[in-house]
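# Summary of the model geometry
Take a look at the letters that make up each chain.
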Amino acid sequence: MGDGDEELVRRWEREQECLKQRLVEEDTEAWQKNPNFSGLHRVGGVDLSFIKGDEVSACAQLVVLSYPDMELLYECSEMVTLSAPYIAGFLAFREAPPLLQLLQRLEREQPSLMPQVLFVDGNGLFHYREFGLACHLGVLSDLPCVGVAKNLLQVQGVAKTDEHLSQISALKKAGDTFPLTAASGRTLGQALRSSNSSTKPIYVSVGHRISLDTAVHLTHSCCRYRVPEPIRQADMRSREYLRTHFPPTSSE
DNA sequence: GCGACAG
DNA sequence: ATCTTGTCGC
């Protein structure tokens, strides 16, 4: 981040504070309260992939999978030009606009395939100001959203301490969790061992219109591998798109 | 100078 | 995010 962005950051902080008023941190859907999520048929995933030396071009991806079978129902890849830089804590201002575009396009062209919940690559409530990308996207789309981060964000007193490492060691099987507790005492998310074959947990937090407990159990039920299938598919397909449409060149 | 820094 | 292939193991 260069300097002279302090003005921008202050504006973005105000925007997060404003959008946060509309955040819903509880279950709002009937399927969320049912035993095995009966009534849930479509889960979505979004992601962006980049070309090595290019800061502004990206492939935005939306996939919709069937639940619980995780079969592909819809997919859309689109090249986009990002208008904001990446600044830690403000990922949404860079990535949310193109992802919202994809959702609007789906709503226009295939409304019956709109996902009932969206998995987002990044944090939700587990964030500097408790309003990460998954919350931002959730509020603006009004879709239930779950935030899933692959790396621990060290904020609000949560850190990679010896205690944290020992908690990770204590995750013995898929589905095991431990809470991510802020210095304030509030639980901002859960570390989840998502598969038996991976020791490294993923970090789940509330995005919008879903409780943390529901978010964690749903995430677990969507994991064939470490990363929940909707995000994994979005990631793989957006990279595949770049490979075929923008093959690496020797120059540059 | 060193470590952090979602993606 | 991206830079990067093969390799060891189940």
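Residues numbered from 1 in each chain as written. Chains lettered and ligands numbered in written order. Predicted model: local features only at pLDDT ≥ 70, side-chain atom pairs only at ≥ 80, totals over all residues. Heavy atoms only, no water.

## Topic: the overall build of chain A
Put simply, the rule is: Every helix listed is a DSSP run of H or I at least four residues long, and every strand listed is a run of E at least two residues long, numbered separately from the N terminus. Our radius of gyration is a C-alpha quantity, and the globule rule it is checked against amounts to 2.2 Å times the number of residues to the power 0.38. Whether two residues touch is decided by their heavy atoms; if any such pair falls within 4.5 Å, the residues are in contact. What sets the accessible areas is the Shrake-Rupley method with a 1.4 Å probe; for residues, cover comes only from the shown protein chains. Counting rule applied: Lys, Arg positive; Asp, Glu negative; His and chain ends not counted. Charge positions are represented by NZ for Lys, CZ for Arg, CG for Asp and CD for Glu.
Along the backbone of chain A there are six helices and eight strands. Computed over its C-alpha atoms, the radius of gyration of chain A comes to 18 Å, within 12% of the 18 Å expected for a compact globule of 252 residues. Expressed as lengths along the three principal axes of its C-alpha atoms, the size of chain A is roughly 50 × 45 × 40 Å. In chain A, 66% of the contacts between residues at least 6 apart in sequence involve partners at least 24 apart. In the structure as shown, chain A presents an accessible area of about 12200 Å², 48% of it carried by carbon and sulfur atoms. With 26 positive and 32 negative side-chain charges, chain A shows a spacing of 3 Å between the two charge centroids.

## Overview of helix H6 (residues 229-245)
The condition is simple: A helix is expected to span 1.5 Å multiplied by its residue count minus one.
The end-to-end C-alpha separation of H6 is 24 Å, in line with the 24 Å expected for 17 residues at 1.5 Å each. Considering only its buried residues, H6 is in contact with strand E1 (42-50), strand E2 (57-66), strand E3 (72-81), strand E4 (117-121) and strand E5 (145-149).

## Topic: the protein's contact with DNA strand C
Condition: In this text, near means that some heavy atom of the residue lies within 4 Å of the molecule or strand in question. Gly is put with the polar residues, along with every residue not named as nonpolar or charged; the nonpolar set is Ala, Val, Leu, Ile, Met, Phe, Trp, Tyr, Cys and Pro, and the charged set is Asp, Glu, Lys and Arg.
Inspection of the region around DNA strand C gives Ser49, Phe50, Lys52 and Lys150 as its neighbouring residues. When atoms of DNA strand C within 4 Å of the protein are sorted by moiety, sugar and phosphate together comprise 100%. Class assignment for the residues of the surface near DNA strand C results in one nonpolar, one polar and two charged.

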